[in-house]
Structures are given as structure tokens and as C-alpha cells.
Amino acid sequence: MSKMTLKTEGDKHLIVTRRFAASAEAVYRAHTESRLIQKWLLGRDGWTMPVCISEARPGGKIRYEWSDGKGGGFHLTGEYLELVPFSRIVHVERMHLPQPTPDNRVETSFEPDATGTLMTMRMTLPDAETRAAMLATGMEHGMEASYVRLEAMI
């Protein structure tokens, strides 16, 4: 099974890569269709996503709300900037913890090959401090748990 890799670049960038044994179309749809996103983008076990809005078109809104089932939770808002079906998504997102974080510009590509699809996500943060705060959350653990769920689903 493939594992996610996360690396930094310069002062403001995070690069996430993950290979999936599925078509680029399937991985892309799982990143844009609300009914699919709600099934896998949950982070660590025990969390749910009771609200999932994904208006997958330029200018379309994004809103994900997560709950731990014990009264805790957080949400994300954003907008789609560009979508190239089955190959590229560009959006801006901000986490609300409860105050909104600075904008994170996310470019995600889906590259098919003989064994499936390589997903590459390039996050651009406003500064090194914002990136350091994001990394300090341990976000990679929840991301990989979600990607394992996605791989099993597709």
C-alpha cells in the first residue's frame, strides 16, 4: 500500500504526494463530489463530516464541517479557482479553529500511469510561520488515515 509523503519547499510550500491504485477519474471525483468526500475525508477514526458542500466549478464554494461526536469539531471554507476534469483542481481554503487561518492555496494534480494515479498536492501558505503552525498540528496523520479510507473506497 502506498503511503503519503509530505515535504516542505522554500518558506511557504508543502508538497503532499500519494499514489492510488485507481483511475485518475475516480480519485478526482472523490475529491470533488460531496457524497464521496463525506465518506473518506474524516481524518482519524471517530470523526464524521455532517456538512459537506463542494460546488465543483470555478467560483464554487467549499464548506466541510467535522465532528468528533463529543461536542468538538471544526470547519473549513474555501472556493474553487480552477478545475480540469480528472487532472487538476486549484482552490483556496481556510480552517476555522475557531478563528480562520490565513488562506492556503492548494493545487492538486492527478497523473495516471500504468499502476493507478499519482496525486500531488502543492499548498502555498502566506508565510513560514503559518506553515510551521500547520505542520505542528500533526495534520499528516489525519490526512493519511483519510487516504487509506479513500483507497479502500475506490
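The structure displayed is predicted, hence computed values, not measured ones.

Calculation notes
- Numbering of residues begins from 1 in every chain and follows the order in which that chain's sequence is written.
- Predicted model: local features are reported for residues with pLDDT of at least 70 only, side-chain atom pairs are reported and counted for 80 or more only, and whole-chain, interface and lining totals are derived from all residues.
- Derived side-chain values reflect all non-hydrogen atoms in the structure, with water molecules and hydrogen atoms excluded from consideration.
- By definition here, a salt bridge exists when the distance from a side-chain nitrogen of Lys or Arg to a carboxyl oxygen of Asp or Glu is within 4 Å.
- The buried label applies to any residue whose accessible area, calculated with a 1.4 Å probe on protein chains only, is under 20% of its type's maximum; exposed applies above 50%, and partly exposed to all values in between.
- Strand pairing requires that DSSP identify at least two bridges connecting the strands.
- To qualify as a helix, a DSSP run of H or I must reach at least 4 residues; to qualify as a strand, a run of E must reach at least 2; elements of each kind are numbered from the N terminus.
- Throughout, an axis means a line fitted to C-alpha atoms (over the contacting stretch in the case of helices), and angles, computed between N-to-C directions, take values from 0 to 180 degrees.
- Any two residues whose heavy atoms approach within 4.5 Å at even a single point are treated as in contact.

Draft legend 1. Layout of the pattern of salt bridges. Taken as a whole, this structure holds 15 salt bridges when the rule is applied. When the shortest N-O distance is used, the salt bridge between Glu33 and Arg29 registers 2.9 Å. Look at Arg29 and you get partly exposed, because its relative accessible area is 32%. Among the salt bridges present, the one from Glu55 reaches Arg57, with a minimum N-O distance of 3.4 Å. When its relative accessible area of 31% is taken as the criterion, Glu55 is described as partly exposed. With a relative accessible area of 45%, Arg57 lands in the partly exposed category.

Draft legend 2. Representation of the sheet that holds strand β3 (residues 48–54) in the model. With antiparallel pairing, eight strands are arranged side by side in an open sheet as β1-β2-β8-β7-β6-β5-β4-β3. Each edge of the open sheet carries a strand with a single partner, namely β1 (5–9) and β3. Adjacent strand axes in the sheet meet at a mean angle of 20 degrees, parallel and antiparallel pairs treated alike.

Draft legend 3. Geometry of the side chain of Thr32. Relative to the helices and strands, Thr32 resides in helix α1 (residues 24–32). Given the relative accessible area of 6%, Thr32 is considered buried. Once residues lying within four places of it in the same chain are set aside, the contact partners of Thr32 are Ile37, Ser54, Ala56, Tyr80, Leu83 and Ile89.

Draft legend 4. Spotlight on unusual backbone geometry. A positive phi is found at Phe86, a non-glycine position, where the angle reads about 70 degrees. Note on placement: Phe86 falls in the loop between β5 (73–84) and β6 (88–96). Judged by relative accessible area, Phe86 falls into the partly exposed class, the value being 32%.

Draft legend 5. Local environment of the pairing of strand β7 (residues 104–113). Pairing of β6 with β7, which is carried by six bridges, proceeds in the antiparallel orientation. Note on β7: the bridge partner recorded for Arg88 is Ser109. The sheet contact formed by β7 and strand β8 (residues 116–124) spans nine bridges and is antiparallel. Across the sheet, residue Glu111 finds its bridge partner in β8, namely Leu118. Here β7 hands over to β8 after two residues, the two strands then running antiparallel side by side.

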